[in-house]
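Structural characterization, general
Residue strings, one per chain:
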Amino acid sequence: MAYETRVYFRQGDTIFFTFLFPVVLLGIFSVAFQGMGNVGAGPDGSGGISQAAYYLPGMISAGILLSGVQNLGVDIAVERGDGTLKRLGGTPLPVLSYFIGKMGQVLVTSAAQIVILLLLARFAFGVDLPTTAEAWLTFAWIYLLGIVTSAILGIAISRLPRSGKSATAVVIPPLLVLQFISGVYLAFNNLPGWLQTVASVFPLKWIAQGMRAVFLPETFESAEAGGSWNLAGVAIALGIWLVAGLVVSRLTFRWIRKDG
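What comes next concerns the included structure. (Residues numbered from 1 in each chain as written. Predicted model: local features only at pLDDT ≥ 70, side-chain atom pairs only at ≥ 80, totals over all residues. Heavy atoms only, no water.)

Secondary structure summary: the protein chain contains 10 helices and zero strands in total. The C-alpha atoms of the protein chain give 19 Å as radius of gyration, which agrees with the globular expectation for 260 residues (18 Å, within 12%). Dimensions along the principal axes, computed over C-alpha positions, put the protein chain at roughly 70 × 35 × 35 Å. Across the protein chain, every contact between residues at least 6 apart in sequence was considered, and the portion connecting residues at least 24 apart equals 76%. Put simply, the protein chain shows about 12400 Å² of open surface, and 68% of that area lies on carbon and sulfur atoms. Taking the average place of the 16 positive charges on the side chains of the protein chain and the average place of its 12 negative ones, the gap between the two points comes to 18 Å. (Helix = DSSP H or I, 4+ residues; strand = E, 2+ residues; numbered from the N terminus. Rg over C-alpha atoms; globule rule 2.2 N^0.38 Å. Contact = heavy atoms within 4.5 Å. Areas by Shrake-Rupley, 256 points an atom, 1.4 Å probe, with all protein chains shown as cover. Lys, Arg positive; Asp, Glu negative; His and termini not counted. Charge placed at Lys NZ, Arg CZ, Asp CG, Glu CD.)

What follows covers the nonpolar core. Grouped together as the largest cluster of nonpolar side chains are 65 residues, with contacts concentrated most on Leu 56 and Ile 60. Once you skip the residues sitting within four places of it in the chain, Leu 56 turns out to touch Leu 26, Leu 117, Leu 118, Ala 121, Val 127, Leu 129 and Phe 215. (Core = buried A, V, L, I, M, F, W, Y, C linked by side-chain atoms within 4.5 Å. Buried < 20%, exposed > 50% of the residue type's maximum accessible area, 1.4 Å probe, protein only.)

So, about the packing of aromatic side chains. Here the distance between the centres and the angle between the planes together describe a pair of aromatic rings. Under the criterion given, the structure shown has 15 aromatic pairs. With a centroid separation of 6.3 Å and 40° between ring planes, the pair formed by Tyr 54 and Phe 220 is classed as tilted. On the criterion of sequence distance, the pair formed by Tyr 54 in helix α3 (residues 51–81) and Phe 220 in the loop between α9 (203–215) and α10 (231–252) is long-range, its members being 166 residues apart. Judged by its relative accessible area of 22%, Tyr 54 falls in the partly exposed class. Aromatic pair Phe 139 and Phe 215: ring centres 5.9 Å apart, planes at 80°, arrangement edge-to-face. Of the two residues, Phe 139 is situated in helix α6 (residues 133–157) and Phe 215 in helix α9; the sequence distance between them amounts to 76 residues. Like Phe 215, Phe 139 is buried. Through a chain of ring-to-ring contacts, three or more aromatic side chains come together here, namely Phe 29, Phe 33, Tyr 54, Tyr 55, Phe 180, Tyr 185 and Phe 220. Positioned above the aromatic ring of Trp 206 is the side chain of Lys 205, whose terminal nitrogen or guanidinium carbon lies 3.6 Å from the ring centre. (Phe/Tyr/Trp six-rings, centres within 6.5 Å; stacked < 30°, edge-to-face > 60°. Lys NZ or Arg CZ within 6 Å of the ring centre and 35° of its normal.)

If you trace the backbone, Ser 249 turns up in helix α10. Among the residues examined, Ser 249 registers a relative accessible area of 12% and is labelled buried. Within the structure, Ser 249 has its side chain in polar contact with the backbone oxygen of Gly 245 (distance 2.8 Å). When residues no more than four places from it in sequence are discounted, the contact partners of Ser 249 are Ile 152, Ile 155 and Ala 156. (Polar contact = N/O pair within 3.5 Å; in protein donor to acceptor, adjacent residues only side chain to side chain.)

The next thing to look at is the pattern of salt bridges. Within this structure, the stated rule accounts for three salt bridges. Between Lys 102 and Asp 75 there is a salt bridge, with the nearest N and O atoms lying 2.5 Å from each other. Pair noted here: Lys 102 is in helix α5 (residues 95–125) and Asp 75 is in helix α3, with a separation of 27 residues, a long-range link. As a salt-bridge pair, Glu 224 and Arg 212 come within 2.7 Å of each other at their nearest N and O atoms. (Salt bridge = Lys/Arg side-chain N within 4 Å of Asp/Glu carboxyl O.)

Compared with the 32 Å implied by 1.5 Å per residue over 22 residues, the 31 Å span of α10 between its first and last C-alpha is a close match. Listed as buried for α10 are Gly 233, Val 234, Ala 237, Leu 238, Leu 242, Gly 245 and Ser 249. The buried residues of α10 occupy an angular sector of 165° when the element is viewed end-on, so they sit on one face. What points out from α10, more than 90 degrees from its buried face, is the exposed set Ala 232, Ile 236, Ile 240, Val 243, Arg 250 and Leu 251. Here the buried face of α10 lies against α6 and α9. (Expected span 1.5 Å × (residues − 1). Arc of directions from axis to C-beta.)

Interpretation in functional terms is not warranted from these geometric data alone.
Structure, rendered in structure tokens:
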């Protein structure tokens, strides 16, 4: 895990597009949209929450997706393409140890990313963070289930790129589309019904919904699909994707591609 984490922070492009990307976007959105006033304010302009507070749960959700799916999806595909997996396949290293190192790196880097997001929101933009143990317990289980599911799905989709060079082009665009339709950058309730249905198939929509339940006031709950945070639905959807990812990873992972 320590080795994987050191390698992660030595890659400049990975640090920016995976680790710092949500942090940068939170800063940009908070500053660029502050002139629009508070989100959910009354007709007289009072009340509501700041733009930074509104975008915080979305940026945390995007960070979870990037840290798990994009990070491992690209990383493992590159290691397969450059021969790293082939060399590891010739050593006594168990496959389980390899994945424990990858999962440990994802947990460490994603946790650090969230800490930075929370500190930025609180001290740079004055966002009020949750103050109850219940809210932080909800955050903890959504985060852990979300990051483990994302990491497993990253392992599963690492088989899609035909080469290490094509990994970024294959993995990143679909994830970017998911961020736009899953309530990360755009208000989910403003999307067309059919697009909400499509987004509801994928895990990011549920991670973002769970994080909104943690960080947004109760007055925003009515804007959710069905008028509820539906945390039970969040747990079920992520659990299904976790099991599906485990099955696909178990069936498809090889040290060396069969066509290699």
